[in-house]
Amino acid sequence: MEIIEDISDNNCTQSLKIVETFVGCGGSHMGFSKAGFETLFINDIDKAMIETIKLNTDLKENQYYIGSLEDVSKTMIEKKTGEKNITTDLLCGGVVCKGFSLAGVRNPSDVRNYLYLEQLRLVKELQPKVSVIENVPQFKTTKILRETTDNQKVIEDLRDLYNQKKSNNGKKTSHKCDMNILTKELELLNINIKNLEEQLKLSRYSVFDDIHKIYNDLGYTVYHKILTCANYGDYTCRKRLFIVAIRNDIHKICGEFTYPNPTHNKNGEEGLPKWKTVNECLKQIDYDDKNHPNNDNDNKPMNHRPATVRRFKYLPEGGTLANVDKKDLPEDLRNKKIFHSRGANKRLAGYKCCPTLVPGHSAFPIHPREHRSLTIREGACLTGFPPNYIFYGSHTKRCEQIGNAIPVNVAYQLGLRIKDYLNTNNFKLISLSFSIIKAFIEY
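Nothing here was measured: the structure is a model prediction, and the numbers come from that model. (Residues numbered from 1 in each chain as written. Predicted model: local features only at pLDDT ≥ 70, side-chain atom pairs only at ≥ 80, totals over all residues. Heavy atoms only, no water.)

## A look at the packing of helix α1 (residues 27–34) against helix α14 (residues 408–424)
Across the interface, α1 lies against α14 with an axial gap of 7 Å and an inter-helix angle of 40°. With respect to each other, α1 and α14 are oriented oblique. Relative to α14, α1 is oriented so that their crossing is right-handed. Between α1 and α14, the residues in contact are Gly 27, Ser 28, Met 30, Gly 31, Phe 32 and Lys 34 and Val 408, Ala 411, Tyr 412, Leu 414 and Gly 415, respectively. Taken together, the residues of the contact of α1 with α14 break down into 6 nonpolar, 4 polar and 1 charged. (Axes fitted to C-alpha atoms, helices over the stretch in contact; angles between N-to-C directions. Helix = DSSP H or I, 4+ residues; strand = E, 2+ residues; numbered from the N terminus. Parallel < 35°, antiparallel > 145°, perpendicular 65-115°, else oblique. Left-handed = near helix turned anticlockwise from the far one by under 90°. Contact = heavy atoms within 4.5 Å. Nonpolar A, V, L, I, M, F, W, Y, C, P; charged D, E, K, R; others polar.)

Below, the structure is given as C-alpha cells:
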C-alpha cells in the first residue's frame, strides 16, 4: 500500500527509537516520525486508532498492541518485536485526559486519572533516554483522590454519582426527557457530590507533583511547558502541556533541555510569520476531485435537519447567536439556550486560527461560509493531517480521533528539538556507553 508521505529524515545522524503509548490516530506519531524517530512499538486501547495508523503507514504486526497499557511491559515489547535488550531513546504518552479536561465533568475519582502511574511504570522498565507525557494544561493544577482502605467506599460512591451526572448531562443535551425533573435531579446530584468531596478533601493530591516526584525517584530531570500549537505551524491555537524528563546520565552529558523556539507568531511579530488561518488550511483540500465527497469518505458533510440548517444561516462568521441582535432572529430562536461558543453553535472565522476541536461529531464547529458543521477531512487538516490521511471507524469514532489527536506540527517541532538534543552530544553518549561497558567488564 502507498504510504501517505516519506516521514523519514535523512539528516538524522543516528537512528532514534521511539515507543508511543496512548498513540491515538497518529498526530504525535506522524510528527515524531517526520522528525526522524523510528517506531519501535506503539500502543492504544482503541482498535480504531491503531487501524487508522495502519491505513496510513507501513506499521507491522509486531510493532503494536491493541489493549490496556497495564498489559504493556519491556518483556512484552521484546517478545512482540523479537528484539532483546531494546534501547528506547524516546517514550511518549498522551495519557488519557478525561478527568482533567475542561470538556468533561472533571471527575477526581475517574479511574482513568491514574493511568499516568502505568506510564511511569513503563518508564522504570524501559529506562528511555527521554520521556514525554502530554496532556491538557489543566493537568498541571488538577487534584485527584488517593484511594486507601479507609476511603475506598466513599470514593466508589462518588464515582457512581459522577456516572449518574454524566448520564443526566447526556439526557439534557438530547432533550429526551422532562427538563424540570432533570434539573432537580442534577441539583441533588451536585449537592451529594459536593458533600462526598468535602469528606475526601484531605485525600486529594496533585498528579503533576506526583509525576515530578516519581520521575526524580527514577533518576530523571524534569521540565514542563505549555505550548500553543499555532506557534509551531499548526492551524489550531490549541494548548497542550508537555512534560519532558531526561534520564540523569544523559542530562549530565547533554546539559539543560530547552523547548523548541516558535516558528510562528499570533501577530507576525519578532520576524515570524503570522499564525496560519482556517482559510489557508481549507485551500489544501481538493473539493472538486480527490476530496470530493464521492471520492473521499472523510469529506462527506453531515446530513443536518432543515431546522438545524436554518439556525446555522443566522450564525455570523466567527460568532454565535449571541452576536446577533434578537430582533433580527425568528421568534423561535430568540430564547434558545444555544448561545455558548463551542461545537455546533459556533461558526469558525476563516481569517483566524482554529480554536480547539472537541471530540464528537456534534461538537465540531460550523464551516466559515457553508451552513454545515466541519467534515472529518476539514477537522483532520486543521489538526495537521495531510488531505489524503484515511480514518477508520464510524463517523462518530473518526471525529473522536481527530478531537483527541495531538496536532502534528507541534509534535514534529518537539521531536526535532529532542533529536537535536540527543544527536548534538552523540559522540559523548557513545563514549559514555563504552565507559559503562568497560567498567562492567572490569567488574
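Once the structure has been displayed, the description carries forward.
## Details of the sheet that holds strand β5 (residues 130–135)
Pairing within the open sheet is mixed, and its 7 strands lie in the order β3-β2-β1-β4-β5-β9-β8. What marks the edges here is a single partner per strand, and that holds for β3 (64–66) and β8 (220–228). Taking the axes of each pair of neighbouring strands and ignoring which way they run, one obtains an average angle of 15° across the sheet. One ladder, built from 9 bridges, connects β8 with strand β9 (residues 239–247); its direction is antiparallel. Bridge assignment links Tyr 220 to a residue of β9, and that residue is Arg 247. Contacts from helix α3 (residues 74–81) reach β1 (16–21), β2 (37–44) and β3, with the element oriented near 115° to β2. (Pairing = 2+ DSSP bridges.)

## A short note on the pairing of β5
β5 sits mainly inside the fold: 6 of its 6 residues count as buried. Judged by which residues are buried, β5 turns out to be covered on both faces: Val 130, Val 132 and Glu 134 on one side and Ser 131, Ile 133 and Asn 135 on the other are all buried. Relative to β5, strand β4 (residues 90–93) is paired through 4 bridges, and the arrangement is parallel. Of the residues in β5, the one forming a bridge with Leu 90 is Val 130. Sheet topology places β5 next to β9; 6 bridges connect them, and they run antiparallel. Note that in β9 the partner of Val 130 across the bridge is Ile 246. (Buried < 20%, exposed > 50% of the residue type's maximum accessible area, 1.4 Å probe, protein only.)

## Notes on the pairing of β4
The two faces of β4 match: Leu 90 and Cys 92 on one face and Leu 91 and Gly 93 on the other face are all buried. Sheet topology places β1 next to β4; 4 bridges connect them, and they run parallel. Looking across to β4, one finds that Val 19 is bridged to Leu 91.

## Some remarks on the environment of Asn 216
Turning to its location among the elements, Asn 216 is positioned in helix α7 (residues 207–218). A C-alpha to C-alpha distance of 9.1 Å links Asn 216 and Asn 248, two positions 32 residues apart in sequence.

## Things to note about the nonpolar core
Ranked by internal contacts, the top residues of the largest apolar core, which has 43 residues, are Ile 211, Tyr 215 and Ile 243. If one sorts the elements of this core by residue count, helix α4 (residues 115–126) sits on top with 6 residues. The residues touching Tyr 215, leaving out its near neighbours within four places in the chain, are Leu 120, Val 123, Ser 131, Val 132, Ile 133, Tyr 220, Val 222, Ile 243 and Ala 245. In this structure, Leu 348, Leu 374, Ile 376 and Ile 402 belong to the second largest nonpolar core, which totals 30 residues. (Core = buried A, V, L, I, M, F, W, Y, C linked by side-chain atoms within 4.5 Å.)

## Here we look at the confidence of the model for the protein chain
Reading fine detail from the predicted coordinates is not recommended where pLDDT is low. Looking at the protein chain as a whole, the pLDDT averages 86, with 84% of positions reaching at least 70. Taken as a whole, residues 1–13 scores under 50 in pLDDT and shows 25 contacts with residues more than four places along the chain or in a different chain. (pLDDT = per-residue confidence, 0-100.)

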